[in-house]
Amino acid sequence: MIGALRSEFRKLTTVRLWWVLSLTLFGYVGFTAGLLAGVFGSLGDQLASSPNAPQLPPDALPPLIYSTVTAVGYVIPLILGALSVTSEFRYQTLTPTFLASPRRGIVLGAKVTVLAVAGAVFGIVGLVASMGIGGSILAVSGIDPQLGSADTWLLAGRVVIASALWAVIGVGVGSLITNQVASIVVVLAFAQFVEPILRLGASIWDWTAAVGKFLPGAASDALVGSSIFTSLGTGTTSVQSLEWWQGGLVLLGLGVVLALAGFLTSWRKDVT
Amino acid sequence: MRTRTIGSGTTLQFTNLSKSFGTVRAVSDLSFTVEPGRVTGFLGPNGAGKTTTLRMLLGLVNPTSGVATIGGRRYSELEKPLATVGTALEASDFHPGRSARNHLRVYAAAAGIAPARVDEVLGIVGLAEYADRRVGGYSLGMRQRLGLAFALLGDPDVLVLDEPTNGLDPEGIRWMRGFLQSLAAEGRTVLVSSHLLAEVQQTVDWVVIISRGRSVYEGSLDGLETGQVVRIDSSDRAALTNALSSAGAQVRPTDDALLATGITAGEAGAAALAAGVPLSLLITESVGLEEVFLQLVGSDADGTAAGTTEGIARVSA
Ligand SMILES: Nc1ncnc2c1ncn2[C@@H]1O[C@H](COP(=O)(O)OP(=O)(O)OP(=O)(O)O)[C@@H](O)[C@H]1O
Ligand SMILES: [Mg+2]
C-alpha cells in the first residue's frame, strides 16, 4: 500500500497538469473573491439602503468571499480527480500500473487517498487566493476581514475538507466515465449548468427544496457553511440547507459510491 | 546484473487458455510451456492472439477459460511481480508529459525498487542521455527501449517481450538479440513474440507458433526444417498432376510450377516418363523456414487461412 501511495503521488507531481490546475484555481478564486470583495466592499452602503437588493451585513461578507474556493472553485479539484483516472485509460498507463501492483483495488484506494490529499492542498491554494486577495480588498474597503476570528479558520478547515472530497468524487467520476473528453464535458456541464439550474428550480417549493439540499453543490456549501449562492438566495426563496456534517457525509458518500461503482465496472475490465 | 545458476529458473505454463472478446475468439485452448535458460519465440501472424495470450499471463486480461502461471503461480499471486516478471508490451504505455526517468520512478515506487535502479536500467538500454526529456517527444525506437528499461526494473527472472524489435534500427536489433541471449544464458526465462520468423530466427532456441488463437507448432527450429519438395512442371499440368498423384505424391500448384511432396525427384521423373508427360522442369528444393512457417500459419496469397496443412488440420480436428 505504501508503494502504491508513493507511486500515485509521483504520477500526480510528475506531469504539468497539477501546476496548471493549481494556477487556474488560484487565478479563478482570486479573481472571483477579489471582485466580490470589491463590489460588496465599495457598494455596501448603497446596497443596504436599497430594499430590493440582497441584504448582507458586513459580518457575512468575509465567509462568503473566503468560501468562493468551493462555491465556485470546486470544479477544479473535481477535474483533477477525474483526469487522474481518465489519463490512465487514455495513455494506457494502466498496463504498467497493474503490472507493478496487480491488486487493482489497492491501486484505486491509493489513488483516492492521494487525490484527497491533493484536493486538500488545492483547498489551501484556493484559500490563499480568497483570503489573501479577497481579505486584502475588504481591509482596504474598511471592512474587517475577520482573520483573527476562530469562525473564519473553522470555515477554512471545512473548505479544505470539501475540496479534498471533491477530488475523491472526481476519481469516482473518472472511473465511471473513462473517456477523458466525455468525463470533462460531463463534469463541466453538471457543475456549471445542471446543478445551478436544479438548485434554483428546487428552491421553488418546500418539498423540492428538501430534496435539493442533497445536491452535491448544495451539500458542499452546507459543509463549508457559507456560499455566494445560499447567501444571495436568503429571504427571497425557500432554500434549505443541511447541517455542515451532513453535507460532508453526502459528499463522502457520493465519492465512495462513485469510486465503488467505477471499481466494479471499468477497473475490473480487461486491459488491452 | 546478478549472475545466476542455470536450473533454478522459472517456468511459464499456459494451460488450455481461451479468450473470447464478444464473438471474436482471440485464443482457443492454447497450451504450451516456456522453459528457463533459453529464448523462446512466440510466433504468429497479425491477430493470431499473441498479445492477448501474454496479457492473460500477466493478469491484465481475464481468460475465458484456462490458466497461465509463472513458476506455478498466477501473476496476481506474485509477491514481487516486477522482480519476477519483466514485461514490455507495447510502445505506447506512457504518459507523454512525463520524462522517462519519472515514468520509471512511478513504477519503481509502486514495486519498492530503489531509485538508483532506474538510472541503471536507463543506462543499460542506452537512454541515459534522454532520461529527462518528456516521452511524448521520443521516437518509436526510444519508446521501445524505454519499454525494455521498464521490463528490466526489477532485475526479473522472466522476461516477456511483445515484438521488442519493432521500430529498432539494425544496430538496435543486433544489440537486442545479443542482450536477450545473454539474459537467457544467465538462466532467465525469455519469451519474445514476433510476427516474423526471420526476425527471431537467429535469436531463439525454441518456438511456439500460433495461428488464429491455436497452437500449430511447438519445438526447436531444427524440427521445423522438415523435408524436401520437388519442383516440377510440364506443359500438360493436369496429366502431370495425375501421374504424380497416382505415384503417391501430394501435389500443390504454384504460379510457376507444381510442388510435390512425398516423392523423390527420381520417382517423379519416372512417373512422368511412364505417363508420357514431357517435363519442362525438375528440381529438388529444401523447404525454407519461412515457407514452413507460412504453411503452418496458413496464410495464402489471398489472405484466408488454408486450413489444409497438417498442423492446423490436427489441432482443429
Ligand atoms: N479488446 C479487444 N476487443 C475485441 N477484440 C480484441 C481485443 N483485443 C484483441 N482482440 C482481437 O483478438 C485477436 C487477437 O489479437 P492480438 O492482439 O492478441 O493478436 P496479435 O497476435 O498480438 O497480433 P499483432 O501481431 O497484430 O500484434 C484479434 O482478432 C483482435 O482483433
Ligand atoms: Mg500484438
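Coordinates for the structure precede this section.
Residues numbered from 1 in each chain as written. Chains lettered and ligands numbered in written order. Predicted model: local features only at pLDDT ≥ 70, side-chain atom pairs only at ≥ 80, totals over all residues. Heavy atoms only, no water.

Caption draft 1: Representation of the pattern of salt bridges. The final tally for this structure, using the stated rule, is 15 salt bridges over all chains. Of the charged contacts in the structure, one is a salt bridge between Glu-88 of chain A and Lys-111 of chain A, with a shortest N-O distance of 2.9 Å. With a gap of 23 residues between them, Glu-88 of chain A in helix H5 (residues 75–90) and Lys-111 of chain A in helix H7 (residues 104–140) connect regions that are remote in the sequence. The exposure class of Glu-88 of chain A is buried, given its relative accessible area of 3%. In this structure, the salt-bridge partner of Asp-233 of chain B is Arg-237 of chain B, at a minimum N-O distance of 3.0 Å. Look at Asp-233 of chain B and you get buried, because its relative accessible area is 10%. We classify Arg-237 of chain B as partly exposed; its relative accessible area is 27%. Within the structure, one salt-bridge network assembled from shared partners comprises Glu-8, Lys-11, Glu-88 and Lys-111 of chain A. (Salt bridge = Lys/Arg side-chain N within 4 Å of Asp/Glu carboxyl O. Helix = DSSP H or I, 4+ residues; strand = E, 2+ residues; numbered from the N terminus. Buried < 20%, exposed > 50% of the residue type's maximum accessible area, 1.4 Å probe, protein only.)

Caption draft 2: View of the site of ligand 1. The full set close to ligand 1 counts 13 residues, and Thr-272 of chain A together with Gly-47, Lys-50, Thr-51 and Thr-52 of chain B are the nearest of them. The environment of ligand 1 is shared, with nearby residues belonging to chains A and B. Interatomic distance of 2.9 Å between a backbone N/O atom of Gly-49 of chain B and an oxygen atom of ligand 1. Here Lys-50 of chain B contributes a side-chain N or O atom positioned 2.7 Å from an oxygen atom of ligand 1. For the shell around ligand 1, the secondary-structure elements that each account for two or more residues are strand E2 (24–34) and helix H1 (50–57) of chain B. It is H1 of chain B that provides the largest number of residues to the shell around ligand 1, a total of three residues. Split by residue class, the shell around ligand 1 holds five nonpolar, six polar and two charged. (Near = heavy atom within 4 Å. Polar contact = N/O pair within 3.5 Å; in protein donor to acceptor, adjacent residues only side chain to side chain. Nonpolar A, V, L, I, M, F, W, Y, C, P; charged D, E, K, R; others polar.)

Caption draft 3: Helix H6 (residues 170–185) of chain B, seen in detail. Residue and element names in this part refer to chain B. Along its 16 residues, H6 runs 23 Å from first to last C-alpha, staying within 8% of the 22 Å computed at 1.5 Å per residue. Buried within H6 we find Gly-172, Ile-173, Met-176, Phe-179, Leu-180, Leu-183 and Ala-184. For H6, the angular spread of the buried residues around the axis is 130°, confining them to a single face. Within H6, the exposed residues directed more than 90 degrees away from the buried face are Pro-170, Glu-171, Arg-174 and Ala-185. Residues of H6 that are buried make contact with strand E3 (39–43), helix H4 (115–124), helix H5 (140–152), strand E6 (158–162) and strand E7 (189–194). Immediately downstream of H6, the backbone of Gly-187 shows phi near 100°, a positive value. (Expected span 1.5 Å × (residues − 1). Arc of directions from axis to C-beta. Contact = heavy atoms within 4.5 Å.)

Caption draft 4: Quick peek at the sheet that holds strand E4 (residues 65–70) of chain B. Residues and elements named next belong to chain B. With antiparallel pairing, three strands are arranged side by side in an open sheet as E2-E1-E4. The sheet is open, and its two borders are formed by E2 and E4, each paired with just one other strand. Adjacent strand axes in the sheet meet at a mean angle of 20°, parallel and antiparallel pairs treated alike. As paired strands, strand E1 (residues 12–21) and E4 are joined by five bridges and run antiparallel to one another. Bridge pairing in E4 places Ser-18 opposite Ser-65. Together, E1, E2 and E4 form the strand contacts of H1, whose direction differs from that of E1 by roughly 120°. (Pairing = 2+ DSSP bridges. Axes fitted to C-alpha atoms, helices over the stretch in contact; angles between N-to-C directions.)

Caption draft 5: Structural context of the side chain of Thr-84 of chain B. Tracing the backbone shows Thr-84 of chain B in helix H2 (residues 81–84). Excluding residues within four positions of it along the chain, Thr-84 of chain B makes contact with Ile-70, Leu-78, Pro-156, Asp-157 and Val-158 of chain B.

Caption draft 6: Expanded view of the side chain of Ser-175 of chain A. All names here are of chain A. Along the chain, Ser-175 falls in helix H8 (residues 150–176). Residue classification places Ser-175 among the buried residues on the basis of a relative accessible area of 0%. A polar contact of 2.8 Å, which involves the side chain of Ser-175, links it to the backbone oxygen of Val-171. Those residues in contact with Ser-175, other than ones at most four positions away along the chain, are Val-85, Leu-108, Gly-262, Thr-265, Ser-266 and Trp-267.

Caption draft 7: Structural context of unusual backbone geometry. All names here are of chain B. The phi angle at Asn-16 is positive, at roughly 50°, despite the residue not being glycine. Assignment of secondary structure puts Asn-16 in strand E1. On the basis of relative accessible area, Asn-16 is assigned to the partly exposed category, the value being 38%. In this structure, Glu-163 takes a positive phi of about 45° despite not being glycine. Locating Glu-163 in the fold gives a position in the loop between E6 and H6. Judged by its relative accessible area of 13%, Glu-163 is buried.

Caption draft 8: Quick peek at a nonpolar patch on the surface. A contiguous nonpolar patch, built from Trp-244, Trp-245, Leu-249, Leu-252, Val-256 and Leu-260 of chain A and spanning about 610 Å² of accessible area, is present on the exposed surface. Counting through the fold element by element, Trp-245 of chain A comes out in helix H13 (residues 244–264). (Patch = residues over 30% accessible without salt bridge, like charges linked within 9 Å, V, L, I, M, F, W, Y side chains within 5 Å. Areas by Shrake-Rupley, 256 points an atom, 1.4 Å probe, with all protein chains shown as cover.)

Caption draft 9: Representation of empty space enclosed by the protein. Inspection of the entire model under this criterion finds two cavities of 30 Å³ or more. Each pocket or cavity is described by its volume, and for the largest cavity that value is around 100 Å³. Listed by contribution, the elements that provide at least two residues to the lining of the largest cavity are helix H6 (94–100) of chain A together with strand E5 (85–88) and H5 of chain B. Here the element with the most residues in the lining of the largest cavity is H6 of chain A; it accounts for three residues. In this structure, the second largest cavity occupies an estimated 80 Å³ of space. Lining the second largest cavity, in full, are Pro-164, Thr-165, Met-176, Arg-177, Leu-180, Val-192, Ser-193, Ser-194, Glu-199, Val-200, Thr-203 and Val-204 of chain B. Mapped onto the lining of the second largest cavity, the elements with two or more residues apiece are H6, E7 and helix H7 (197–200) of chain B. Residue composition of the lining of the second largest cavity, grouped by class: six nonpolar, four polar and two charged. (1 Å grid on protein atoms, 1.4 Å probe; cavity = no way out; pocket = protein on both sides within 12 Å on 5 of 7 lines; lining within 4 Å. Points joined across faces, edges and corners; volume = space filled by probe spheres on them.)

Caption draft 10: Fine view of the interface of chain B and chain A. Taken residue by residue, the interface counts 29 residues in chain B and 26 residues in chain A. Of the roughly 2,500 Å² buried at the junction of chain B and chain A (both faces included), carbon and sulfur atoms supply 60%. At the surface where chain B touches chain A, the tally comes to one salt bridge. For the interface between chain B and chain A, the tally reads 11 residue pairs in polar contact (both at pLDDT 80 or more). Counting residues per element, the side of chain B that touches chain A draws most heavily on helix H3 (residues 100–111) of chain B, which supplies six residues. Residue composition of the side of chain B that touches chain A, by class: 15 nonpolar, eight polar and six charged. (Buried area = accessible area lost by both parts, 1.4 Å probe.)

Caption draft 11: Local environment of the pairing of E3 of chain B. Residue and element names in this part refer to chain B. A large share of E3 lies buried, amounting to five of its five residues. Every second residue of E3 is oriented toward a common face, with Val-39, Gly-41 and Leu-43 on one face and Thr-40 and Phe-42 on the other, all of them buried. Bridge analysis of E3 against E7 gives five bridges, and the strand direction is parallel. Each residue of the ladder has a partner; that of Phe-42, found in E7, is Ser-193. As paired elements, E3 and strand E8 (residues 206–211) share four bridges and run parallel to each other. In the sheet register, Phe-42 faces E8, and the bridge partner there is Val-208.

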